[in-house]
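Chain by chain, the residues run as shown.
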Amino acid sequence: MSSIIVYYAHPGQNFSRANRQMAKTARGLDGITFVDLYAEYPRHDIDVDREQARLLAHEVIVFQFPLYWYSTPSLIKEWQDLVLQHGFAYGHDGDKLAGKSMLVAITAGGSYEAYTPKGYQHYPLRTFLTPLEQTARLCKMDFLPPYVLYSALKAEEETEIAAHAKGYGQLLSALRDDTIALPLPTNHDVLTAPDLGTLLSASEEG
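In what follows, the accompanying structure is described. None of the values given here were measured: they were computed from a predicted structure.

Quick look at the overall build of the chain
Along the chain, the regular secondary structure elements total 8 helices and 6 strands. Going from N to C terminus, the chain has its helices and strands arranged as β-α-β-α-α-β-α-β-α-α-β-β-α-α. Taking 2.2 N^0.38 as the reference for a compact globule, 206 residues should give roughly 17 Å; the C-alpha atoms of the chain span a radius of gyration of 16 Å, in line with that estimate. Seen through its principal axes, the chain has C-alpha atoms that stretch 45 × 40 × 35 Å. When each of the 206 residues of the chain is scored for burial, the buried share is 50%. By sequence separation, contacts in the chain at least 24 residues apart represent 75% of the contacts at least 6 residues apart. When the accessible surface of the chain is split by element, carbon and sulfur atoms take 51% of a total near 10,400 Å². Placing the 17 positive and 25 negative side-chain charges of the chain at their respective mean positions leaves the two points 4 Å apart.

Here it is, written out as structure tokens:
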């Protein structure tokens, strides 16, 4: 089994629908370490030693958050700035995270079509996640295809959001139980719940 830690960051989670369901699903899984960053560090006073120890103890690092202005919520950036130190995560002798995997699980307000050359965002969603992907690369980690819910603000809670949260749980469980091979064998830049269903079925058949 692979050890997994989920870092959940949502500064407005009391008003959340999708991320709240996703967090509930992740929190309820056995063998998954779940960290609510805004609950744990309400004043951004991050315990670097504790966070580095957590990273060393887990093989798959998951960041779950809503996409805010094409980036992460501020606490994730603060966490990165302090925790991913030179000599620990990168640089001379900074190989402590080498071989681990990073997964980003995000919700986006725009539709899939919005994140196309003709859409109002102009670029694929994966393009806006380049800083995270490069962070993983610098730390010698594998960057897995992000798990994404598009049109999150308009998604129906009992259907689309519920299906996405269920898929999230299935993905985390498959990674935990090593029933899906890493790196994820997918032709998609990102994964959605329907993509995941196909991927998991293929893994079971294989």
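Describing the packing of aromatic side chains
Tallied over the entire structure, the rule returns 11 aromatic pairs. Taken together, a centroid distance of 5.9 Å and an interplanar angle of 80° make the contact between Tyr115 and Phe128 edge-to-face. Of this pair, Tyr115 sits in the loop between strand S4 (101-107) and helix H5 (125-128) while Phe128 sits in helix H5; the two residues are 13 residues apart in sequence, bridging distant segments of the chain. Side by side, Tyr115 and Phe128 carry an identical accessibility label, which is buried. Here the aromatic cluster, defined as three or more aromatic residues joined through ring pairs, consists of Trp69, Tyr70, Tyr112, Tyr115, Tyr123, Phe128 and Tyr150.

Quick look at empty space enclosed by the protein
The probe, sized like a water molecule, is rolled over the atoms to show the empty space still left. Scanning the entire structure with this criterion turns up 1 cavity of 30 Å³ or more. Counted as a void, the largest cavity has a volume near 40 Å³. Every residue lining the largest cavity is listed: Leu55, Ile61, Phe63, Trp79, Leu84, Leu97, Met102 and Met141.

Focus: the packing of helix H3 (residues 48-56) against helix H4 (residues 74-83)
Their axes nearest at 10 Å, the elements H3 and H4 cross at an angle of 90°. Relative to H4, H3 is oriented roughly perpendicular. Here Val48, Glu51, Gln52 and Leu55 of H3 lie close against H4, whose contacting residues are Trp79, Leu82 and Val83. Of the residues contributing to the contact of H3 with H4, the split by class is 5 nonpolar, 1 polar and 1 charged.

Quick notes on the nonpolar core
One finds Tyr7, Leu37, Leu55 and Trp79 to be the most contacted residues of the largest nonpolar core, which totals 38 residues. Here the element with the most residues in this core is H4; it accounts for 4 residues. When residues no more than four places from it in sequence are discounted, the contact partners of Leu37 are Tyr7, Tyr8, Ala9, Leu75, Ile76 and Trp79. Val6, Ile180, Leu191 and Leu199 belong to the second largest nonpolar core, which has 27 residues in total.

A closer look at the pairing of S4
Consecutive side chains along a regular strand alternate between the two faces of the sheet. Of all 7 residues in S4, 7 are buried, a share of seventy percent or more. Both strand S3 (residues 60-66) and S4 contribute to a ladder of 7 bridges, which runs parallel. Bridge pairing in S4 links Gln64 to Ala105. A crossover connection joins S3 to the parallel S4 through H4; in handedness this β-α-β unit is right-handed. Here S4 runs beside strand S5 (residues 142-143); their pairing, made up of 2 bridges, is parallel. Bridge pairing in S5 links Met102 to Phe143.

About the criteria used
Residues numbered from 1 in each chain as written. Predicted model: local features only at pLDDT ≥ 70, side-chain atom pairs only at ≥ 80, totals over all residues. Heavy atoms only, no water. Helix = DSSP H or I, 4+ residues; strand = E, 2+ residues; numbered from the N terminus. Rg over C-alpha atoms; globule rule 2.2 N^0.38 Å. Buried < 20%, exposed > 50% of the residue type's maximum accessible area, 1.4 Å probe, protein only. Contact = heavy atoms within 4.5 Å. Areas by Shrake-Rupley, 256 points an atom, 1.4 Å probe, with all protein chains shown as cover. Lys, Arg positive; Asp, Glu negative; His and termini not counted. Charge placed at Lys NZ, Arg CZ, Asp CG, Glu CD. Phe/Tyr/Trp six-rings, centres within 6.5 Å; stacked < 30°, edge-to-face > 60°. 1 Å grid on protein atoms, 1.4 Å probe; cavity = no way out; pocket = protein on both sides within 12 Å on 5 of 7 lines; lining within 4 Å. Points joined across faces, edges and corners; volume = space filled by probe spheres on them. Axes fitted to C-alpha atoms, helices over the stretch in contact; angles between N-to-C directions. Parallel < 35°, antiparallel > 145°, perpendicular 65-115°, else oblique. Nonpolar A, V, L, I, M, F, W, Y, C, P; charged D, E, K, R; others polar. Core = buried A, V, L, I, M, F, W, Y, C linked by side-chain atoms within 4.5 Å. Pairing = 2+ DSSP bridges. Right-handed = clockwise from strand over helix to strand, strands pointing away.

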